[in-house]
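# Observations on the model geometry
Each chain, letter by letter, is given below.
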Amino acid sequence: QVQLVESGGGLVQAGGSLRLSCSTSSRSFSTYYMGWFRQAPGKEREFVAAITWSGGIIYYSDSVKGRFTISRDSAKNTVYLQMNSLKPEDTAVYYCNAAAGSGSSWYGLLNWGQGTQVTVSS
């Protein structure tokens, strides 16, 4: 019954920026991290970033650290991913989910939503 809706994807040139949003319908998973994941065609889904609802603990994958910023608005049950200095290798469908893990080893706890497409052109 928990709904996850990603939005904000699009087509940008290398070096550009996008801000993704993930709206949630429930706080029943509020004790867990919220994470962003991505999946490129023909590749396995990979972890991008995670944040506690308090905002006190944040993790990033090495591939996005320094370029992406994860944040949240607890009052709106929404998490964001600000993506700067985008590279063609960032092209993927981006998903959010309640998450557990550490470092760059994470897994989603809920059913995956539809995701939002991010395409970065050269």
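So, a few notes on the structure that sits alongside this text. On a predicted model such as this, the values are computed, not experimentally measured, just so you know. (Residues numbered from 1 in each chain as written. Predicted model: local features only at pLDDT ≥ 70, side-chain atom pairs only at ≥ 80, totals over all residues. Heavy atoms only, no water.)

### Focus on the overall build of the protein chain
A count of helical and extended segments in the protein chain gives zero helices and eleven strands. Taken from N to C terminus, the helices and strands of the protein chain fall in the order β-β-β-β-β-β-β-β-β-β-β. Referenced to the eigenvectors of the C-alpha coordinate spread, the extents of the protein chain come out at roughly 40 × 25 × 25 Å. A total of 122 residues make up the protein chain; the buried ones form 43% of that total. In the protein chain, the share of contacts with a sequence separation of at least 24, taken over all contacts with a separation of at least 6, comes to 55%. (Helix = DSSP H or I, 4+ residues; strand = E, 2+ residues; numbered from the N terminus. Buried < 20%, exposed > 50% of the residue type's maximum accessible area, 1.4 Å probe, protein only. Contact = heavy atoms within 4.5 Å.)

### Section: the environment of Ser23
Topologically, Ser23 is positioned in strand β3 (residues 18-24). Remark: the alpha-carbon pair of Ser23 and Ser7, spanning 16 residues in sequence, is separated by 8.5 Å. Discounting chain neighbours no more than four positions away, the residues touching Ser23 are Gln3, Leu4, Val5, Asn77 and Thr78.

### A word on the state of the cysteines
Across all of its chains, the model carries one disulfide by this definition. At a sulfur-sulfur separation of 1.8 Å, the disulfide partner of Cys22 is Cys96. Torsion about the S-S bond of the Cys22 and Cys96 cystine: about 60°, corresponding to right-handed handedness. You can see Cys22 sitting in strand β3 and its partner Cys96 sitting in strand β9 (residues 92-102), a full 74 residues away along the chain. (Disulfide = S-S within 2.5 Å.)

### Some points on a nonpolar patch on the surface
On the surface, Tyr32, Tyr107 and Leu109 cluster together to form a nonpolar patch covering roughly 300 Å² of accessible area. You can see Tyr32 is positioned in the loop between β3 and β4 (33-39). Judged by its relative accessible area of 41%, Tyr32 falls in the partly exposed class. (Patch = residues over 30% accessible without salt bridge, like charges linked within 9 Å, V, L, I, M, F, W, Y side chains within 5 Å. Areas by Shrake-Rupley, 256 points an atom, 1.4 Å probe, with all protein chains shown as cover. Salt bridge = Lys/Arg side-chain N within 4 Å of Asp/Glu carboxyl O.)

Nothing here speaks to function; it is geometry throughout.
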